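Chain and residue survey
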Amino acid sequence: MGATNQEAHRPMAVPAGRPTWADEFDGAAIDAANWRFDTARNAAGWYNNERQYYADGRPENARIEKGALVIEARRETLPKARFADWGGQDYTSARMVTRRTLGYGFYEVRATLPCGRGIWPAIWLLPPDGAWPDAGEIDIMEMVGSEPEMSHATVHSAAYNHASNSQRGAQTRVTGACTAAHDYQLDWQPDAITIGVDGRSYMRVERKPGDGMREWPFTRAYNLILNVAVGGDWAGAKGIDDTAFPQRMTVEHVRFWGAPAAR
């Protein structure tokens, strides 16, 4: 969730050469070798009092369309007889996680975002195991529909996290975020995390001398996550506009250039 204490404005250069790993979404279907669907908390309910059910490979919620990935949130209920893990939610969506973990390096996700009130698209990273927030979280982009075109970048750890209102991050306005694609970027190095849009950073967090795992758990590979949530403590604070559905995030590509230490 948002913070404004780590602003940094400088150029961000995309590495030369071919990415270490990428998905251009140019096939006929979502590549199951690259992605899995996270449905773990459908029955119990998702974190932050979010209101969505995350479907597993359901084309209404996640599909390839015109050379891009579409993650679509819909206002609908599902039949329990067909969806055994349905927890009574009034909205459906998808949460996609990379099969492989990615580490130090440069990330670029080109996306057009949904911006209806109550919607919560996110591009972010979590480790494959470990308790939150101790194991860390890197949020490349979060946007809530009550603040359209405002992109938030944050990092969380045991010492700095939104549960204690001490998270480190920054925000910037991305004009046209809801109507055109932009490049959401992360440069993750052993001693610094820099996040920006379209080749310009707006957040940078540096590892300080003496920082341990409580302050800097960002020392191993994480999974990249793409999802569109509905409601929740942050995105739902001003309600949900049910007339705005369906809402979609369209992703044209995901690219990762690994740093030598991460290969």
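Residues numbered from 1 in each chain as written. Predicted model: local features only at pLDDT ≥ 70, side-chain atom pairs only at ≥ 80, totals over all residues. Heavy atoms only, no water.

Per an unreviewed UniProt entry, the protein chain is named Glycoside hydrolase, and its organism is Sphingomonas ginsenosidimutans. Under the UniProt heading Sequence similarities (unreviewed entry), the note attached to the protein chain is "Belongs to the glycosyl hydrolase 16 family." (UniProt positions renumbered as here; feature names shortened; annotations may be inferred.)

1. Focus on unusual backbone geometry
For the peptide bond that leads from W132 to P133, omega is 5 degrees, which places it in the cis range. With respect to the element layout, P133 can be found in the loop between β9 (119-126) and β10 (137-142). Of the consecutive residues F245 and P246, the connecting peptide bond is found in the cis state with omega at 0 degrees. Mapped onto the elements, P246 comes out in the loop between α1 (232-235) and β17 (247-258). The backbone of F25 sits at a positive phi, close to 55 degrees, despite the residue not being glycine. Checked against the element boundaries, F25 lands in the loop between β1 (21-23) and β2 (35-37). You will see that E149, though not glycine, has its phi angle at about 75 degrees, which is positive. Structurally, the position occupied by E149 is in the loop between β10 and β11 (150-156). For E149, a relative accessible area of 23% translates into the label partly exposed. (Helix = DSSP H or I, 4+ residues; strand = E, 2+ residues; numbered from the N terminus. Buried < 20%, exposed > 50% of the residue type's maximum accessible area, 1.4 Å probe, protein only.)

2. Notes on the pairing of strand β5 (residues 68-75)
Burial runs high along β5: six of the eight residues are buried. Note that strand β4 (residues 62-65) and β5 share four bridges and pair antiparallel. Bridging from a neighbouring strand, E65 pairs with A68 of β5. With antiparallel pairing between neighbouring strands as the criterion, β4 and β5 make up a hairpin whose turn holds two residues, including K66 at a positive phi of roughly 55 degrees. Sheet topology note: the β5/β17 ladder contains five bridges and is antiparallel. Bridging from a neighbouring strand, I71 pairs with M249 of β17. (Pairing = 2+ DSSP bridges.)

3. Looking at the packing of aromatic side chains
The geometry of an aromatic ring pair is captured by two quantities: the separation of the ring centres and the angle between the planes. A complete count under the given rule lists twelve aromatic pairs for this structure. Considering the side-chain rings of F106 and W257, the 6.0 Å spacing of their centres and the 70 degrees angle between planes classify their relative orientation as edge-to-face. Taken together, the positions of F106 in strand β8 (residues 105-112) and W257 in strand β17 put the pair 151 residues apart, joining distant regions of the chain. W257 matches F106 in its accessibility class, with the two residues each being buried. (Phe/Tyr/Trp six-rings, centres within 6.5 Å; stacked < 30°, edge-to-face > 60°.)

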